[in-house]
Each structure stands twice: as structure tokens, then as C-alpha cells.
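Structural characterization, general
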Amino acid sequence: MNKPFFNSLKNHFETLETKLNQMDSIIGDGDHGTTLLKGLNAILSSDLPPAKAFRVEAGGASGSLFSILIGAIDDALDNYNSFGKLLTNAANKISMIGNAKEGDKTMLDAIIPAAKAALESPNNSIKNASLASKKGMNNTLNMPARKGRAKNVENAGVGHIDPGAFSSSEILTFFYNDYRLKNEKTF
């Protein structure tokens, strides 16, 4: 496990906790930021692999689904060249377990375009995945939710960015920034 990376990611999500909870209170149950932070803290205090520690502590559907993304990032930290394949596998698994697809206004709206971009451009996979995840996340603003609690709120959440897509994009962008900083130091 790359403890410095996960500690920095946890610190980043500490600054986002309130924002994520506020976003989630509009179209969900209002604890998305707290749940993610709980899982990220568990990674640092557990002897379990990061994905499992995250899943066990965060709990619920969100914990299970985000642990898959955390596992892909953890594996990619050891082998950046496999990022596109790891992210694609994660997207497929999240889609299968969550019974969701791109366009349902979920975390997959950030992850699937990121995975596609990573596979299409192996030389810039991490950067392009970050950019694609941001675009996919922004697309959720005008999407009606077809899955999760958001489908039951007024207008199915249209006019609000999906918190899961937002946090997924944040994780992927944080991963890119970490990668970029490490590679700048080698030149």
C-alpha cells in the first residue's frame, strides 16, 4: 500500500467533506463526504488491503462501490501502465454490482468516460482519464437520475451534479496530480 498517497487523498477529502455532504443532502441522504472520509481513514489505520479496509469501514452500497475504484487506484500505483485496464475492469464491476450504466447519474458517469479515455490514449492515460472524468461528472448536472436515492427527488435531481460522480472525478484527478508530481521530480 502507498500510505503517503492515501494519507494525502484523505487530507484532500477532509477539505471536501462538507461540500460532498451538502451535495448529497439535495439528492441523497447527506452523508457522502463523511462516508468516503470514514473509508479513507480506515485505509490508514488497518492492516487490510486498501479496498477491503475502505469497504468494511464505509459500509453500505457506497462503500462497496467506491472500494472497487480505490482498489483500481491502489493497483495502478504499483503499475501505471495498467491504469486503463484496471479502471475499465473497475467500471465493469461497479456497473454489474450497482446494476447501473453511464447516463444513470451515478459515479459511473465519471468513471466510464475516464476508462475509455485511458484505454484510447495509453501514453496519456492518467491525464486523459482525469479530464474525461470531469466532463462526465459535469454532464450529470442535467441528467435525470435513474438509480439511487436521487431518482426519487424532485425532477430526479436535474440541475444538481451527482455527488458520486463528483467524488469519483476528484479521486481520479487527485491520482493524476500525484502521478504528474512524481514524474516531474524525475526530470
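Refer to the preceding data block for the structure.
Here the structure is a predicted model, which means the values were calculated and not measured.

**Notes on the overall build of the chain**
- What the chain contains, in helices and strands, is 8 helices and 0 strands.
- Starting at the N terminus and ending at the C terminus, the chain contains elements arranged as α-α-α-α-α-α-α-α.
- A compact globule built from 187 residues would reach a C-alpha radius of gyration of about 16 Å, and the chain, at 15 Å, matches this within 12%.
- Seen through its principal axes, the chain has C-alpha atoms that stretch 50 × 35 × 30 Å.
- The 187 residues of the chain split such that 50% are buried.
- The long-range share in the chain, meaning contacts at least 24 apart out of those at least 6 apart in sequence, stands at 64%.
- Working note: accessible area of the chain is about 9100 Å², and carbon and sulfur atoms make up 49% of it.
- Here the chain contributes 21 positive and 19 negative side-chain charges, whose respective centroids are spaced 4 Å apart.

**Side note on the environment of Asn155**
- Along the chain, the position of Asn155 falls in the loop between α7 (125–139) and α8 (163–185).
- Classification of Asn155 as exposed rests on a relative accessible area of 55%.
- The spatial distance from the C-alpha of Asn155 to the C-alpha of Ala145 is 8.6 Å, given a sequence separation of 10 residues.

**Topic: the packing of helix α6 (residues 108–120) against α7**
- α7 packs onto α6 with a crossing angle of 150 degrees between their chain directions and a minimal axis gap of 7 Å. Between α6 and α7, the angle is such that the two are roughly antiparallel. Both α6 and α7 take part in a crossing whose hand is right-handed. Contacts between α6 and α7 involve Asp109, Ala110, Pro113, Ala114, Ala117 and Ala118 from the former and Ser125, Asn128, Ala129, Ala132, Ser133, Gly136 and Met137 from the latter.
- In terms of residue class, the contact of α6 with α7 is made up of 8 nonpolar, 4 polar and 1 charged.

Procedures and definitions
- Residues numbered from 1 in each chain as written.
- Predicted model: local features only at pLDDT ≥ 70, side-chain atom pairs only at ≥ 80, totals over all residues.
- Heavy atoms only, no water.
- Helix = DSSP H or I, 4+ residues; strand = E, 2+ residues; numbered from the N terminus.
- Rg over C-alpha atoms; globule rule 2.2 N^0.38 Å.
- Buried < 20%, exposed > 50% of the residue type's maximum accessible area, 1.4 Å probe, protein only.
- Contact = heavy atoms within 4.5 Å.
- Areas by Shrake-Rupley, 256 points an atom, 1.4 Å probe, with all protein chains shown as cover.
- Lys, Arg positive; Asp, Glu negative; His and termini not counted.
- Charge placed at Lys NZ, Arg CZ, Asp CG, Glu CD.
- Axes fitted to C-alpha atoms, helices over the stretch in contact; angles between N-to-C directions.
- Parallel < 35°, antiparallel > 145°, perpendicular 65-115°, else oblique.
- Left-handed = near helix turned anticlockwise from the far one by under 90°.
- Nonpolar A, V, L, I, M, F, W, Y, C, P; charged D, E, K, R; others polar.

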